[in-house]
Amino acid sequence: MQDDIQTVVAKNIKAIRKRKRISQDRLAELAGLNRVHLYRLESGKQSMTLRTLKLIADTLGVKVQDLIGDV
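Residues numbered from 1 in each chain as written. Predicted model: local features only at pLDDT ≥ 70, side-chain atom pairs only at ≥ 80, totals over all residues. Heavy atoms only, no water.

Further remarks concern unusual backbone geometry. The backbone of arginine 21 sits at a positive phi, close to 55 degrees, despite the residue not being glycine. Along the chain, arginine 21 turns up in the loop between helix 1 (2-19) and helix 2 (24-31). (Helix = DSSP H or I, 4+ residues; strand = E, 2+ residues; numbered from the N terminus.)

Here it is in structure tokens:
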């Protein structure tokens, strides 16, 4: 189940980022994250803390719920 949630959140982050036409490098810079760390989060290879989830949501200008979806 955790893998499913992680995959959904990762896909949502990537989709919203692309829809807003923000590169991974730029999102990482704006959020104060390492680009490799963001890549691993977006690809579902690494889980994230709630703090990181909130930071990404705020940086993208969306609610945490938008990243979580209906999981």
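Continuing now.
On to the pattern of salt bridges. Taken as a whole and assessed by the stated rule, the structure comprises 4 salt bridges. As a salt-bridge pair, aspartate 25 and arginine 35 come within 3.3 Å of each other at their nearest N and O atoms. Of this pair, aspartate 25 sits in helix 2 while arginine 35 is found in helix 3 (residues 35-42), placing the two residues 10 residues apart along the sequence. Residue aspartate 25 is classed as partly exposed on the basis of its relative accessible area, which comes to 47%. (Salt bridge = Lys/Arg side-chain N within 4 Å of Asp/Glu carboxyl O. Buried < 20%, exposed > 50% of the residue type's maximum accessible area, 1.4 Å probe, protein only.)

Below, the discussion takes up the packing of helix 2 against helix 3. Following both chains from N to C, one finds helix 2 and helix 3 inclined at 115 degrees, their axes separated by 9 Å at the closest point. By the criterion of interaxial angle, the relationship of helix 2 to helix 3 is roughly perpendicular. Considering how the two elements wind past one another, helix 2 and helix 3 form a crossing that is right-handed. Each of Gln24, Asp25, Leu27 and Ala28 in helix 2 lies in contact with helix 3, whose residues at this interface are Arg35, Leu38, Tyr39 and Glu42. Residue composition of the contact of helix 2 with helix 3, grouped by class: 4 nonpolar, 1 polar and 3 charged. (Axes fitted to C-alpha atoms, helices over the stretch in contact; angles between N-to-C directions. Parallel < 35°, antiparallel > 145°, perpendicular 65-115°, else oblique. Left-handed = near helix turned anticlockwise from the far one by under 90°. Contact = heavy atoms within 4.5 Å. Nonpolar A, V, L, I, M, F, W, Y, C, P; charged D, E, K, R; others polar.)

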